[in-house]
Each structure stands twice: as C-alpha cells, then as structure tokens.
Amino acid sequence: MSICWRSTSGASALCNILWPIVPAAVSIRFIRVDLHLAIFILNYMAMIPCANLIGFAGQELARKLDKVFGVILETTLGSVVEIVMFMVLVRNEQYEVIQAAILGSVLATQLLCLGMCFIIGGLRHEEQDFDAEVGEIGSDLLLTAGFGLIIPTIFSATVTAEGSLPKEHVADRVLHISRFSSILLIGSYAIYIWFQMRTHQSIYDAIFESDENKDVDREEDLKKDKLTFTECVLALVISISLVAIIAISLVEEIEFIVEERGVSDSFVGLILVPLVEKFAEHLTAIDEAWDNQMNLALAHVLGATIQTSLFNGPLVVLVGWCMDLPMDLNFSMFNIVVLILAILVVGNFLRDQKSNYLEGSLCVIVYVNIAVAAFYYPNPPIDAKTIVPATKFLTSLVGY
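A. Region of interest: the overall build of the chain. In terms of regular secondary structure, the chain is built from 19 helices and two strands. Relative to its 400 residues, the chain shows a buried fraction of 53%. Restricting the contact set of the chain to residue pairs at least 6 apart, pairs at least 24 apart contribute 85%. Here the chain has roughly 17400 Å² of accessible surface; of this, 65% comes from carbon and sulfur atoms.

B. Fine view of the packing of helix H7 (residues 95–124) against helix H18 (residues 357–376). Their axes nearest at 7 Å, the elements H7 and H18 cross at an angle of 150 degrees. Helix-helix and strand crossings are classified by hand; for H7 and H18 the assignment is left-handed. Two secondary-structure elements touch here, H7 through Leu107, Ala108, Leu111, Leu112, Gly115, Met116, Phe118, Ile119 and Gly122 and H18 through Tyr357, Glu359, Gly360, Ser361, Cys363, Val364, Val366, Tyr367 and Ile370.

C. Structural context of the pattern of salt bridges. In total, this model carries three salt bridges according to the counting rule given. For Arg124, the salt bridge goes to Asp291, with nearest N and O atoms at 3.5 Å. With Arg124 in helix H7 and Asp291 in the loop between helix H15 (279–290) and helix H16 (294–322), this pair connects stretches of sequence that are 167 residues apart. Accessibility expressed as a relative area gives 3% for Asp291, which makes it buried.

D. Region of interest: unusual backbone geometry. Positive phi values are uncommon outside glycine, yet Glu93 reaches one of about 60 degrees. Non-glycine residue Asn292 carries a positive phi angle of around 70 degrees. Along the polypeptide, Asn292 turns up in the loop between H15 and H16.

Cut-offs applied
Residues numbered from 1 in each chain as written. Predicted model: local features only at pLDDT ≥ 70, side-chain atom pairs only at ≥ 80, totals over all residues. Heavy atoms only, no water. Helix = DSSP H or I, 4+ residues; strand = E, 2+ residues; numbered from the N terminus. Buried < 20%, exposed > 50% of the residue type's maximum accessible area, 1.4 Å probe, protein only. Contact = heavy atoms within 4.5 Å. Areas by Shrake-Rupley, 256 points an atom, 1.4 Å probe, with all protein chains shown as cover. Axes fitted to C-alpha atoms, helices over the stretch in contact; angles between N-to-C directions. Left-handed = near helix turned anticlockwise from the far one by under 90°. Salt bridge = Lys/Arg side-chain N within 4 Å of Asp/Glu carboxyl O.

Shown next as structure tokens:
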C-alpha cells in the first residue's frame, strides 16, 4: 500500500490524494441518479487515481521483464482505460463521441504529452536528443495511421459531393471500407510489434539500456522498495476493475452533458475523454523526460499514439462489426484535418532528433488552439432542438 501511495514521482504521488473520491463516485451513481453533473464530475476525477495506479503497477511489472517487451506491455496497460472507455461508448452507440475520442487521444498524446515532455525536460536540460530509430519510425507509423484513418472520410466526402450514389449506399460503402481499413491498420500494428520484439529487438534494447544509464535519479530509484510480481498483478486487477465501473458511469452521463449542458461532442471526445484516459501515460513519459530519458519518453508517447491509431481505434470498428453496429471511421472534416496537420507538425519536430522547451511550447500551443476550436464546435441538430452554447457548462460549474 505504501509503495503504491508513494508512486514513481511527486506528480504521480499527488494524484493519490484523489483516492477518497473513488468510493464517492461509485456510490453516488446508485444513491442519487438524478445528479447527472455531479456523477460526471466525480467519476471524471475518480478516473485519475485509478489510471495512475494502472500506470504505476504497469511500470513496476515492466521492470521485471525484458526491456522492449516491458515498454510495450507498459504502453498497452496504460491504454486499458482508453480501451474500456471505447468499448462502453460503442456499446452505447455514441459514435460521434467515440470517433472524436479516437482522434482526441492521438492529439492529446502527440501534442500535449509530447509538448510537456519537451518543456519539462527542457527546463532541466538545455537540449535533449533521441535516436532516429525511435523518432523516425514513430513518425512514419503515424503517417501510415493518418492515411488509413482518412480514407473513409475522403471517400464519403468525395462521393457525396459528386452525388453519384444515394446517401444510404454511400454510408454502407463507407462502413465496409472502414472495416477493411481497420483490419489493415491492426495488421500494421502487428508488424510494428514484430519489428520491435523480434527482428530489431537488440537495437531497441541497447537504446533503452543507454537511456536508463542517463537517469539522473537512477541510484535513488534503485533504493526504493518495489512491488512483487503478485502485488503488480493484484494492483492491476483492482485498478482495471474500478476503471471499468467508473467508465460506465462516466459514459452514461455524456449524453446529459452534451444535450443539457451544451458541451459539443467534439469537445467531449477530442479533449475531455482523452485527457483522463491517457493520464497515466502522460505522467510516466513526462517523468522520464525530466530524468533525461528521452528515448523512453518518446517510446511511451509515440507507442501510445501508435497503439490508439493502429489498434485501439480499429478494434472498436471490428467490435462494432461483431455486434452488428454501424461503427465506422467516417470522421468529421474538422477532426480529420486537425489530425493530419498535427501529425505533420510532430513529424517536423522529430526530424532533427533533438528537443527543447521551445518546440514543446509550440506543441502545447497547437493543442490549446485545437481545444478552443473544439469547445465552440457545434453539435449536429438532435430532434430539431437547438443546442445551447458550450459556455453554459462552464458557468454551471462555478454556479453563475
């Protein structure tokens, strides 16, 4: 218990202060079902310590395994919150939110998290460098993912503009293209994992081992008590179970937040959901950047982004297919253009294999700009009702 409470860094340990909110968030859903806003806020906050525990237990477990496999496992465990949220969203048939959440998760990780890594690392080190194998391959995979995700949207927009097919036929063909694209994207992810774990494992082992030796707090970290393998598994089981319960409560209140409080689907999906589901990944990567372990930080940042775009997102489409639900990759034009531009921005920053706080600040500024646009992005009409401005949600929080 004391080991989990201490966590790996000061910021991570600070998140544990929110643990008392967890029982309140779980119980309020059954005690006061009418308090929709309170249920949403409490469950949103309760997700933070649970996600933090998944990240910490995953990191402890990864240290007991092979370096490359450990990093991949840690990244996958960090995405558990995201996968659970996606599954609950698709079960509730909230397609617009989940489409925005897929892209929002990519944007939050590759812009906000990467930017914070560059800033925090840059505050302690004038300039940090990383290996081409980490930066260039990550950038290439992001471009591949962006291309795969954009194809259904381009097809839909082009065919609809030409008017050569009825809308029903266009939607049906887009659904088939999305399912086929999802299979190809998951195949790309499998090749990437094979590349890292089998054919080029020695290269990545050397890179990560070199990074561990750069850790300025290495001696102090080695002296800390560690979780046993059994304790790691137990912590993961408890935290993942809590995440599943909280995710259900959180997702069930999204409709109320969108329709009654006037928050746009784009803002919920692009900003609110990704921030909490990727919380553990962000803290881990930022802590590694502070310790001058930029290759490990990038492995977590780019690894999480790649997993979302090449595996988690496509997986939702295939799960929807198995459930006979029309979940596709036909994103709004706003979302897909923002994604492609973000991939190009990040790829340009990774090209020189160096980072500093200026590049990090620019990444964060781009993300904030997207968040503001998503905040004011209108919802499509629902039963001919006009959605009130999103500012009503913020004013309700402060009581004005």
